[in-house]
Amino acid sequence: MSKNSYHTKKITLLALSVAVAMILSYVEMLLPSLSHIAPGIKMGLPNIVIICVLYLYGVKEGAAVSLIRVILTSLLFTSPLTGAYGAAGAALSIAVMALLKKTGIFSMIFVSIAGAVSHNVAQVALCVAITATPAILSYLPLLMIGGIVSGLAIGIAAFLLLKRLKNLIKNDRS
Amino acid sequence: MELQTKKAKKKLWWLEPLIVVFVLILSLACYFLFVHNTKEGSSIKIEAAGRVIAEYSLRQDRLILIEKQGDRYSVREISAPYSTSDFKENYNLISIGNGTVRVIEADCPARGSTRCTNQGERSHSGESIICLEHNLVITILGGEEGELDLVSK
């Protein structure tokens, strides 16, 4: 395959990833809310896609898909403020995941858990900063436990998905 | 790359579970030591942008309407048959009943788990309901504030 058509395929696949991540954000809003436990607790389904892009292509691509997903989702389904929370979570999450992946000693599932927990930490921090109410920190322990549980599930899902996707991408490079 | 890291992975197999279990135990400990509370609250405090705008007792049932216009919040009580079309834009309707508080109506665009109306009923002191979009935090206070109904500003 020529370099040019490899690039075309990459751009197409990244655009597709953004679309799938956006659909997953929307599906997540339709799921039964667990926010009577702690506000903002959720599965983090779009992270399946972000982790796959991170492992298939790299940090730049993963960060791009993640941030474009947040911006488009906030424009279509929610509001700029919700988008800002999403962006804060996504930015710290992708930074932590990229760093841990770079060390080379952590599994994808652990990277996913760290990404989920750091996402929640960033959002609680921003929430405390915006509302100027430190009492919100009291939700942090539950959100971290939620992050571990959902990060584990998402990590396993991403691992299974990536095993199948890897063949698809490998064939392109030859 | 996978081959290079395989050795390191085998040696450090305990690292990941250790970190996860450590963080899990730490979170659980923090939760049960500092957060978990089964004491029923006696009043609520409504904060907007970090400033207390109203306090109400939990002992008396009522509906509290908060309307946000720009940076200003207006707080008033309304009675049962209401129509949300009468409210000004950017409203939250808080219901106090049987010693619990919940947000029953809000016109913010948030959906899913961040939406304040999805956060359910709260009754224990220290718990809170957060409406990000309108920058409101409703916190339940314990202690013996009693029947004091303080509406300031």
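Residues numbered from 1 in each chain as written. Chains lettered and ligands numbered in written order. Predicted model: local features only at pLDDT ≥ 70, side-chain atom pairs only at ≥ 80, totals over all residues. Heavy atoms only, no water.

Caption draft 1: Just the pairing of strand β8 (residues 136–141) of chain B, in detail. Residue and element names in this part refer to chain B. Summarising burial for β8: six of the six residues are buried, a large majority. Of the two faces of β8, the one lined by Leu136, Ile138 and Ile140 and the one lined by Val137, Thr139 and Leu141 are each fully buried. Where strand β1 (residues 43–48) meets β8, six bridges bridge the pair, whose relative direction is antiparallel. Bridging across to β8, lysine 45 finds its partner in threonine 139. Linking strand β7 (residues 128–131) to β8, which pair antiparallel, is a turn of four residues; within it asparagine 135 sits at a positive phi near 55°. (Buried < 20%, exposed > 50% of the residue type's maximum accessible area, 1.4 Å probe, protein only. Helix = DSSP H or I, 4+ residues; strand = E, 2+ residues; numbered from the N terminus. Pairing = 2+ DSSP bridges.)

Caption draft 2: Region of the structure containing the environment of Leu14(A). Residue and element names in this part refer to chain A. Mapping leucine 14 onto the fold places it in helix α1 (residues 3–30). On the basis of relative accessible area, leucine 14 is assigned to the buried category, the value being 16%. In this structure the C-alpha to C-alpha distance between leucine 14 and glutamate 61, which are 47 residues apart in sequence, comes to 7.6 Å. The contacts of leucine 14, once residues within four sequence positions are left out, are Val53, Tyr57, Glu61 and Val65. (Contact = heavy atoms within 4.5 Å.)

Caption draft 3: How the structure looks around helix α3 (residues 59–76) of chain A. Look at α3(A): 26 Å from first C-alpha to last across 18 residues, which is about the 26 Å you get at 1.5 Å a residue. Turning to α3(A), its buried residues are Glu61(A), Gly62(A), Val65(A), Ser66(A), Arg69(A), Val70(A), Thr73(A) and Ser74(A). (Expected span 1.5 Å × (residues − 1).)

Caption draft 4: Structural context of the interface of chain A and chain B. Taken together, the contacts link 36 residues of chain A with 34 residues of chain B. Contact between chain A and chain B buries roughly 3100 Å² in total, counting both sides, with carbon and sulfur atoms accounting for 66%. Inspection of the chain A/chain B interface yields zero salt bridges. Applying the counting rule to chain A against chain B returns four residue pairs in polar contact (both at pLDDT 80 or more). Breaking the side of chain A that touches chain B down by element, the ones donating at least two residues are α1, α4 (80–103), α5 (108–131) and α6 (140–173) of chain A. The element best represented in the side of chain A that touches chain B is α6(A), accounting for six residues. A class-by-class count of the residues in the side of chain A that touches chain B yields 22 nonpolar, twelve polar and two charged. (Buried area = accessible area lost by both parts, 1.4 Å probe. Salt bridge = Lys/Arg side-chain N within 4 Å of Asp/Glu carboxyl O. Polar contact = N/O pair within 3.5 Å; in protein donor to acceptor, adjacent residues only side chain to side chain. Nonpolar A, V, L, I, M, F, W, Y, C, P; charged D, E, K, R; others polar.)

Caption draft 5: A look at the packing of aromatic side chains. In this structure the tally under the stated criterion is five aromatic pairs over all chains. Considering the side-chain rings of Tyr31(B) and Phe32(B), the 5.1 Å spacing of their centres and the 75° angle between planes classify their relative orientation as edge-to-face. Measuring from centroid to centroid gives 5.8 Å for Tyr82(B) and Phe87(B), while their planes differ by 25°, and the two rings are stacked. The exposure class assigned to Tyr82(B) is partly exposed, which follows from its relative accessible area of 28%. The buried category is assigned to Phe87(B), whose relative accessible area is 10%. In this structure, Lys101(A) packs its charged tip against the face of Tyr55(A), placed 5.2 Å from the ring centre. (Phe/Tyr/Trp six-rings, centres within 6.5 Å; stacked < 30°, edge-to-face > 60°. Lys NZ or Arg CZ within 6 Å of the ring centre and 35° of its normal.)

Caption draft 6: Inspection of the pattern of salt bridges at higher detail. Residues and elements named next belong to chain A. Inspection of the entire model under this criterion finds five salt bridges over all chains. Residues glutamate 61 and lysine 10 are paired through a salt bridge, measuring 2.8 Å at the closest nitrogen-oxygen approach. Taken together, the residues glutamate 61 in helix α3 and lysine 10 in helix α1 connect sequence positions 51 residues apart. Assessed through its relative accessible area of 12%, glutamate 61 is described here as buried. Since its relative accessible area comes to 17%, lysine 10 is described here as buried.

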